[in-house]
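Listed here are the chains, written in short residue letters.
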Amino acid sequence: QQQVKQSPQSLIVQKGGISIINCAYENTAFDYFPWYQQFPGKGPALLIAIRPDVSEKKEGRFTISFNKSAKQFSLHIMDSQPGDSATYFCAARRRGTASKLTFGTGTRLQVTL
Amino acid sequence: GAGVSQSPSNKVTEKGKDVELRCDPISGHTALYWYRQSLGQGLEFLIYFQGNSAPDKSGLPSDRFSAERTGGSVSTLTIQRTQQEDSAVYLCASSLGDRETQKLFFGSGTQLSVL
């Protein structure tokens, strides 16, 4: 059972454009939603995270939008740059389970010149 | 060290052999996790260690998989009688372990190939 569904599987965006990656979850016990960025040959690195008591969180060019009623959250990358080309994973954590995360299947982002 | 260190970075083995994967977490991190990343899939939780507590083994896919953490630091993931479906990148992560601090720091992983 895929508890966190991520789309699209891959995304090509022109430099300067907006990249949008969407995730949906089923378990209402999830209380923490991080996004991880992974470059080839490296482990994932935390990019930004949100809790369900807020609808949006912004850090630089990266924004998470969270819709609790729809059980959806998305990552927006503004002014996308070639250096943003990586695989992005959304994840969710069930309350009380430390960092035992359930990950989406990943989105491979390519930012072209 | 500055980050989570995993060894070996690559491991090729024959079906039926046992393998050991090692993880050195960030100094001072009390929580240690193992995840598995298969091609085209997300990360799959395997096992979690927190301090001296009993590990959470709920993600281990079969009894061929086991892990230990010695002295609250280094961890070893052992896969016995490897199968081709065990081929994946095995990622180790550590965190401070505080309930409100969930930031995971991942190593670069061990790419396991079972022939």
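Residues numbered from 1 in each chain as written. Chains lettered and ligands numbered in written order. Predicted model: local features only at pLDDT ≥ 70, side-chain atom pairs only at ≥ 80, totals over all residues. Heavy atoms only, no water.

Engineer: What's the story with the overall build of chain A in this structure? I'm lost.
Structural biologist: A count of helices and strands for chain A gives 0 helices and 11 strands. The N-to-C order of helical and strand elements in chain A reads β-β-β-β-β-β-β-β-β-β-β. Over its C-alpha trace chain A gives a radius of gyration of 13 Å, about what one expects of a compact globule, namely 13 Å for 113 residues. Along the first, second and third principal axes, the C-alpha set of chain A runs to 40 × 30 × 20 Å. Looking at chain A as a whole, 44% of its 113 residues are labelled buried. The contacts of chain A with a sequence gap of at least 6 include a subset with a gap of at least 24, amounting to 54%. Looking at chain A as shown, the accessible area adds up to about 5500 Å², and 47% of this sits on carbon and sulfur atoms. When the 14 basic and 7 acidic side-chain charges of chain A are each reduced to a single mean position, those positions are 6 Å apart. (Helix = DSSP H or I, 4+ residues; strand = E, 2+ residues; numbered from the N terminus. Rg over C-alpha atoms; globule rule 2.2 N^0.38 Å. Buried < 20%, exposed > 50% of the residue type's maximum accessible area, 1.4 Å probe, protein only. Contact = heavy atoms within 4.5 Å. Areas by Shrake-Rupley, 256 points an atom, 1.4 Å probe, with all protein chains shown as cover. Lys, Arg positive; Asp, Glu negative; His and termini not counted. Charge placed at Lys NZ, Arg CZ, Asp CG, Glu CD.)

Engineer: How do you make sense of the overall build of chain B when you look at a structure like this?
Structural biologist: The helix and strand inventory of chain B stands at 0 helices and 10 strands. Taking 13 Å as the expected radius of gyration for a compact globule of 115 residues, we find that chain B reaches 13 Å, a close match to that expectation. The 115 residues of chain B split such that 46% are buried. Just so you have it, chain B exposes about 5600 Å², and 45% of that area is on carbon and sulfur atoms. Charge separation in chain B, taken as the distance between the mean sites of 11 positive and 12 negative side-chain charges, equals 2 Å.

Engineer: Help me out: how do you make sense of the pattern of salt bridges in this one?
Structural biologist: Overall, the coordinates contain 7 salt bridges over all chains when judged by the stated rule. A:Arg61 is the salt-bridge partner of A:Asp84, the closest N and O atoms lying 2.8 Å from each other. Separated by 23 residues along the polypeptide, A:Asp84 in the loop between strand 8 (72–77) and strand 9 (86–94) and A:Arg61 in the loop between strand 6 (56–59) and strand 7 (62–67) bring together distant segments of the chain. For B:Arg64, the salt bridge is made with B:Asp86, and the minimal N-O distance between the two is 2.8 Å. Of the two residues, B:Arg64 is situated in the loop between strand 5 (43–50) and strand 6 (65–69) and B:Asp86 in the loop between strand 7 (75–79) and strand 8 (88–95); the sequence distance between them amounts to 22 residues. When sorted by exposure, B:Arg64 lands in the same class as B:Asp86, which is buried. (Salt bridge = Lys/Arg side-chain N within 4 Å of Asp/Glu carboxyl O.)

Engineer: Any chance you could explain the state of the cysteines here in plain terms?
Structural biologist: What makes a disulfide is a covalent bond joining the sulfur atoms belonging to two cysteines. Inspection of every chain in the model, using the stated rule, returns 2 disulfides over all chains. The partner cysteine of A:Cys23 in its disulfide is A:Cys90, sulfur to sulfur 1.9 Å. Taking the sign of the torsion about the S-S bond as the criterion, the disulfide between A:Cys23 and A:Cys90, at about -95°, is left-handed. Of the two residues, A:Cys23 sits in strand 3 (residues 19–25) while A:Cys90 sits in strand 9, which places them 67 residues apart along the sequence. Judged on exposure class, the residue A:Cys23 and its partner A:Cys90 are both buried. Disulfide pairing is shown between B:Cys23 and B:Cys92; the S-S distance is 1.9 Å. Judged by the torsion about the S-S bond (-65°), the B:Cys23/B:Cys92 disulfide is left-handed. Placement of B:Cys23 in strand 3 (residues 19–24) and of B:Cys92 in strand 8 is noted, with a sequence separation of 69 residues between them. Both residues of the pair, B:Cys23 and B:Cys92, belong to the buried class. (Disulfide = S-S within 2.5 Å.)

Engineer: Explain the sheet that holds strand 1 (residues 5–7) of chain B here, please?
Structural biologist: Whether parallel or antiparallel, the strands of a sheet pair through hydrogen bonds between backbone atoms. All names here are of chain B. Pairing in this open sheet of 4 strands is antiparallel, and the strands run 1-3-7-6 from one edge to the other. Two strands lie at the open edges of the sheet, namely strand 1 and strand 6, each paired on one side alone. Geometrically, the sheet is characterised by an average inter-axis angle of 15° between neighbouring strands, direction not taken into account. Pairing of strand 3 with strand 7 involves 5 bridges; the strand directions are antiparallel. Following the sheet pairing, Arg-22 is matched in strand 7 by Thr-76. (Pairing = 2+ DSSP bridges. Axes fitted to C-alpha atoms, helices over the stretch in contact; angles between N-to-C directions.)

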